[in-house]
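# Inside the fold
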Amino acid sequence: MKILVTGGAGFIGSAFVRMLARETDWHIVNFDALTYAGNLENLAGIAESDRYRFVRGDICDQELVTSLFASERPDAIVHFAAESHVDRSILSPEPVVRTNVNGTFTLLEAARRSAIARFVHVSTDEVYGSLESPLEATEEFPLNPSSPYSAAKAGSDLLARSYFITFKLPVLITRASNNYGPYQFPEKLIPLMIANAIDHKPLPVYGDGMQVRDWLYVDDHCRGIRSVLEHGREGQIYNIGGNRSLPNLEVVRRILELTGRGRDLISYVTDRPGHDRRYALSSEKLMNETGWRPEVDFETGLARTIEWYRSNASWVDRVRSGEYRTYYELNYGARAEAMS
Ligand code: NAD
Ligand code: DAU
C-alpha cells in the first residue's frame, strides 16, 4: 500500500503520518508546500524511514501534481492540505479559495487520470454552519457555511462529490469537529490560550465567549480517517465528532486552572465577524459502520496537550517567531484596542 498524504506537515496531517508510520507497513508520500502552518519538525522521528518520502510542492501546481501521481502511483490519497484558519480567511481570503478550492480541483483531476483506489477528502463540520441547540448535523444536513474558510471547504466538498457522481472517482469525505492536541499551530483557540497562559499573557476571548465547539482529540480524528479510508463506502460522507461540546469560556477557564493562572488573564475582545455560534455533529454513521469511537476524553486530552506545550517550549518559540508576530498584531491589535 502506498499512500499520498497532502498537508502532512501540518497539525492533523503530521499526526496522521506519525500514526501510519507507527502502526502500518505502508509507504507514505507526504506532499506539502510548507506554508507558515507546515513544519517538518513535526515529523522529525520518521524523516529517515525508507517507507517515507517528503515532496515539497503546491497542490495548485498542476504540472507537479500530475508528475507526482505518475511517478509515485499511489493506491490512495488522504487530502489534508488547506488554509485552515477562519481568522486568516477573514483577513485574507485569496489564498484560502486558491488552496482549498483550486488545489482540491487539481488533485481530483490528477486522481481521475490515475488508478487510485481511494480519495479521502478531509473536511470540516463548519460546512454545516451554526446550528441551534439541540440540533446535531447528520451527513444529510444542508451546507450553510459562514466564513471564506468554510465556504471554500464546502466548495471543495461539492467538487469532490461531483467527481464521484460524474467520473466514479472513489471519493470519500470526512467532516470533523474542532481538533486539539500536540503540534497545533498556536493561532487556534486551545494552543493559543495555553501558550499565552504559560507566558502570563492575556487570553483574547471573542465576544461573550459563549460560542460552542465540539472538541476532538487529534489522534481520535486520525483513527476516524483511517477507518473511513479502510472501511468507508465510496461516495459517502462521514462526520467525525468528539461528542464533547463546550462553550469557549469554559475551555479557557479549564486551561487557566490547569496552568495555575488566574481568571484575570481573560481579555474580552471584539468578536469575529460572522462568528458561528454553535457547531454540533452526529457521528452515528461512522460509529455504526466501522465501530470507531472517540477514545480520549476532554479532561485527559487537554491535560496531555498542556503538558506537551510545557515540554516543547522551543517548538512554540520557533513557530511564534517571524510571521506569527505580524499575524498576531493584525488579528488582535485593533481588537484589543477597540475593547479597552
Ligand atoms: P494546518 O493549517 O495545521 O496544516 C495545513 C497543511 O497544509 C500545512 O502543512 C501546509 O503547509 C499545507 N498546505 C497549505 N496550503 C498548501 C498548498 N497550497 N499545497 C500544499 N500544501 C499546503 O491544518 P490542520 O488543522 O492540520 O487541518 C488539516 C485539514 O483538516 C484541513 O483540510 C482542515 O480543513 C481540516 N480540518 C481541520 C480541523 C481542525 O480543527 N484543525 C477540523 C476539521 C477539519
Ligand atoms: O470546526 C472545525 C474547524 O475548527 C476546522 O475546520 C478549522 O480548520 C479549525 O480552525 C477550527 O475552526 P474554529 O474557528 O472553530 O477554530 P478556532 O480555534 O479558530 O476558534 C475556536 C473558537 O474559539 C471560535 O468560536 C473562535 C474562538 N476564539 C478563537 C481564537 C483563535 C476566541 O475566542 N479567541 C481566539 O483568539
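Only a predicted model underlies this, so the values are computations on that prediction, with no experimental measurement involved. (Residues numbered from 1 in each chain as written. Chains lettered and ligands numbered in written order. Predicted model: local features only at pLDDT ≥ 70, side-chain atom pairs only at ≥ 80, totals over all residues. Heavy atoms only, no water.)

## Side note on the site of ligand 2
- Neighbouring residues of ligand 2: 25 residues in total, closest Asp 125, Glu 126, Tyr 149, Arg 272 and Tyr 332.
- Taken by itself ligand 2 offers 690 Å² of open surface, and the protein chains cover 94% of this.
- Counting residues per element, the ones that place at least two in the shell around ligand 2 are helix 3 (86-91), helix 6 (189-198) and strand 8 (203-206).
- Here the element with the most residues in the shell around ligand 2 is strand 8; it accounts for three residues. (Near = heavy atom within 4 Å. Areas by Shrake-Rupley, 256 points an atom, 1.4 Å probe, with all protein chains shown as cover. Helix = DSSP H or I, 4+ residues; strand = E, 2+ residues; numbered from the N terminus.)

## Looking at unusual backbone geometry
- Note the cis peptide between Ser 133 and Pro 134, where omega equals 5°.
- Looking at the secondary structure, you find Pro 134 in the loop between strand 5 (118-124) and helix 5 (148-167).
- Notably, Arg 73 is not glycine yet its phi reads approximately 45°, a positive angle.
- A positive phi angle is found at Asn 243, which is not glycine, with a value near 55°.
- Along the polypeptide, Asn 243 turns up in the loop between strand 10 (237-240) and strand 11 (245-247).

## Examining the site of ligand 1
- Not every one of the 29 residues close to ligand 1 is listed here, only the nearest: Ile 12, Asp 32, Ser 84, Tyr 149 and Lys 153.
- The separation between an oxygen atom of ligand 1 and a polar main-chain atom of Thr 35 is 3.0 Å.
- For ligand 1, an oxygen atom lies 2.9 Å from a polar atom in the backbone of Asn 179.
- Per-element accounting of the shell around ligand 1 gives the leading share, three residues, to strand 5.
- Residues belonging to the shell around ligand 1 are distributed by class as follows: 13 nonpolar, twelve polar and four charged. (Polar contact = N/O pair within 3.5 Å; in protein donor to acceptor, adjacent residues only side chain to side chain. Nonpolar A, V, L, I, M, F, W, Y, C, P; charged D, E, K, R; others polar.)

## Describing the environment of Glu 41
- Among the secondary structure elements, Glu 41 is positioned in the loop between strand 2 (27-32) and strand 3 (52-56).
- In the structure, Glu 41 is positioned 274 residues away from Trp 315 in sequence and 8.2 Å away in space, judged by C-alpha atoms.
- Setting aside its immediate chain neighbours within four residues, Glu 41 contacts Tyr 183, Trp 315 and Arg 318.
- Looking at Glu 41, its side chain comes within polar contact range of the side chain of Arg 318, at 2.5 Å. (Contact = heavy atoms within 4.5 Å.)

## Some remarks on the pattern of salt bridges
- For the coordinates displayed, the defined rule picks out 23 salt bridges.
- One salt bridge connects Arg 233 with Glu 289, and the closest N-O pair in it is separated by 2.5 Å. Here the residue Arg 233 occupies a position in the loop between helix 7 (218-231) and strand 10, and Glu 289 occupies one in helix 9 (residues 284-290), the gap between them amounting to 56 residues.
- Residue Arg 233 is classed as partly exposed on the basis of its relative accessible area, which comes to 42%.
- What you see here is one network of salt bridges that share partners, running through Arg 22, Glu 23, Arg 226 and Glu 230. (Salt bridge = Lys/Arg side-chain N within 4 Å of Asp/Glu carboxyl O. Buried < 20%, exposed > 50% of the residue type's maximum accessible area, 1.4 Å probe, protein only.)

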